[in-house]
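# A structural walkthrough
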Amino acid sequence: MLNLFVLRSFPFLRLLVPSLALIITGCVGSAPPQEKTLTNEQVLESSGNDIEIIDFYKNQLKEKESEEVRIKLVKRYLEIKDYDSARFYLTPLLQQFDAKDPTASNVLLLAGKISLGLEQWAEARKHLNKVQQLAPSNSESANLLGILSAREGNFTVAREWFNHARSNMADDRTIKNNLALLDVFEERYTEALRRLQPVPDLRQLSDRTRVTLSLVYAKTDQYSAFEVLTDNMGKSERVSLYQQLQALPVADFSAILGGNANYDSVTIPNDEELTQSSLSGQ
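Here, residues in each chain are numbered from 1, in the same order as that chain's written sequence. Note on the predicted model: pLDDT of at least 70 is required for a residue's local features to be given, and 80 or more for side-chain atom pairs to be given and counted; whole-chain, interface and lining totals, by contrast, use all residues. Processing note: side-chain calculations cover all non-hydrogen atoms of the structure and skip hydrogens and water entirely.

With that settled, the discussion passes to the pattern of salt bridges. What makes a salt bridge here is a side-chain nitrogen of Lys or Arg within 4 Å of a carboxyl oxygen of Asp or Glu, nothing more. Throughout the structure, instances matching the rule amount to 18 salt bridges. The salt bridge partner of arginine 159 is aspartate 183, with a shortest N-O separation of 2.9 Å. Of this pair, arginine 159 sits in helix 9 (residues 155–167) while aspartate 183 sits in helix 10 (residues 172–185), and the two are 24 residues apart along the sequence. Arginine 159 gets classed as buried once you look at its relative accessible area, which sits at 15%. When the shortest N-O distance is used, the salt bridge between glutamate 186 and arginine 159 registers 2.6 Å. In this pair, glutamate 186 sits in the loop between helix 10 and helix 11 (189–196) while arginine 159 sits in helix 9, placing the two residues 27 residues apart along the sequence. The helix and strand labels rest on DSSP assignments: H or I over at least four residues marks a helix, E over at least two residues marks a strand, and numbering proceeds from the N terminus. Exposure classes here rest on a 1.4 Å probe applied to the protein chains alone. A residue is buried below 20% of its type maximum, exposed above 50%, and partly exposed in between.

On to helix 8 (residues 139–151). A helix's residues, less one, multiplied by 1.5 Å, set its expected span. Between its first and last C-alpha, helix 8 extends 18 Å over 13 residues, near the 18 Å set by a 1.5 Å rise per residue. The buried count for helix 8 comes to 12 of 13 residues, which makes it a mostly enclosed element. Every buried residue of helix 8 is listed here: Ser139, Ser141, Ala142, Asn143, Leu144, Leu145, Gly146, Ile147, Leu148, Ser149, Ala150 and Arg151. As used in this structure description, the phrase polar contact means that two N or O atoms lie within 3.5 Å; if the pair is within protein, one of them must be able to donate a hydrogen and the other to accept it, and residues adjacent in sequence are counted only when both atoms belong to side chains. Two to three positions downstream of the cap, the backbone nitrogen of glutamate 140 sits 3.2 Å from a side-chain oxygen, assigning the N-cap of helix 8 to asparagine 138.

Take arginine 210: it is sitting in helix 12 (residues 207–219). Its relative accessible area of 11% is what places arginine 210 among the buried residues. Placed 16 residues apart in sequence, arginine 210 and phenylalanine 226 show a C-alpha to C-alpha distance of 9.8 Å.

Helix axes use the C-alpha atoms of the stretch in contact, all axes being lines fitted to C-alpha atoms, and the angles between their N-to-C directions lie in the range 0 to 180 degrees. Following both chains from N to C, one finds helix 11 and helix 12 inclined at 145°, their axes separated by 10 Å at the closest point. Seen from above, helix 11 lies across helix 12 with left-handed handedness. Mapping the contact onto sequence places Tyr189, Ala192, Leu193 and Leu196 in helix 11 and Thr209, Thr212, Leu213, Val216, Tyr217 and Lys219 in helix 12. When grouped by side-chain class, the residues that make up the contact of helix 11 with helix 12 number 7 nonpolar, 2 polar and 1 charged. Throughout, a crossing is termed right-handed when the near helix is turned clockwise from the far one, and left-handed when it is turned anticlockwise from it by less than a right angle. Should any heavy atoms of two residues lie within 4.5 Å, those residues are considered in contact. Basically, the charged four are Asp, Glu, Lys and Arg, the nonpolar ten are Ala, Val, Leu, Ile, Met, Phe, Trp, Tyr, Cys and Pro, and anything else, Gly included, counts as polar.

Note that lysine 113 resides in helix 6 (residues 104–117). Of the polar contacts made by the side chain of lysine 113, one reaches the side chain of glutamate 140; its length is 2.4 Å.

In this structure, Phe162, Ile175, Leu182, Leu213, Tyr217, Phe226 and Leu245 are the most contacted members of the largest nonpolar core, which totals 32 residues. Of all the secondary structure elements, the ones that give two or more residues to this core are helix 8, helix 9, helix 10, helix 11, helix 12, helix 13 (223–229) and helix 14 (235–247). Here this core gets 7 residues from one element, more than from any other, and that element is helix 10. Each residue touching leucine 213, except ones within four places of it in the same chain, is listed here: Leu193, Leu196, Val199, Leu205 and Leu229. The next biggest cluster of nonpolar side chains, apart from the first, holds 21 residues, and it includes Phe56, Val74, Leu78 and Tyr89. Put simply, a nonpolar core is a bunch of buried Ala, Val, Leu, Ile, Met, Phe, Trp, Tyr and Cys residues held in one set by side-chain atoms that sit within 4.5 Å of each other.

Once that is clear, we can look at the environment of glutamate 67. With respect to the element layout, glutamate 67 can be found in helix 4 (residues 67–79). Taking relative accessible area as the criterion, glutamate 67 reaches 26% and is therefore assigned partly exposed. Residues glutamate 67 and threonine 103, 36 residues apart in the sequence, show an inter-C-alpha distance of 9.1 Å. Residues within four places of glutamate 67 in sequence aside, it is in contact with Leu93, Asp101, Thr103 and Val107. A polar contact of 2.3 Å, which involves the side chain of glutamate 67, links it to the side chain of threonine 103.

Next up on the list: the confidence of the model for the chain. For the chain, the mean per-residue pLDDT works out to 80, and 74% of the residues sit at or above 70. In the model, residues 1–7 has pLDDT below 50 throughout and makes 43 contacts with residues more than four positions away in sequence or in other chains. Confidence scores here are pLDDT values: one per residue, from the predictor, ranging 0 to 100. Between residues 23–36, whose pLDDT stays under 50, and residues either more than four places distant or in other chains, the model counts 16 contacts.

Here it is, written out as structure tokens:
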């Protein structure tokens, strides 16, 4: 499960979705029962079949209640963005919540993510603040609190949270990208680009870093760099996107952040979603 700043965090990017989407482009044998179960789980996880994986965890819970399995089930629902189901299956753990339990902060972190997915901002902040109280070194909750602060336009506090997450060994690329986006919002484009240097091989670029670099290159009139970044696009599409990003009013970014948000990772819409987006004028 956002990992940051993403497509739903910035509704203005939906206007550019069709173009941005182009930028981002063993045998069990006689193993004991427990080992066989683990092997089946590993096979299902590697298959990527969400429905089968979810059914597998639910069947395990039918046979025997397990906090570990329930948490895995909730995480799977979060991955497919079924926040209502995630909340439903997490509720029993919240009802029997014990702050002294070693897994307490993990349960609250999941609750915070679910609230973010349901756009319940105050509830999300409450859960994430509790995570920080129980586990100050939890970098993921710190990063999410930074994103919540940025969404509210409080960039100073957002920077503090991002740096706190980084000091607790959060993924450098994620945090640097979030800090660079704050620089973009404040029209500090040179600083944003500096944060992202050295720019890795295009094949290693994360989706969100591509989006950030696209904004920076367009705002600083670096068409050549933008062209390299978007080498998989046709010339007319590239020029159109470049011009749209150049014209995008940075002054509106804070207001834009007041809209919806998704805090995991950049979601690449499928063809049907792209078509619907185009038809609706989004």
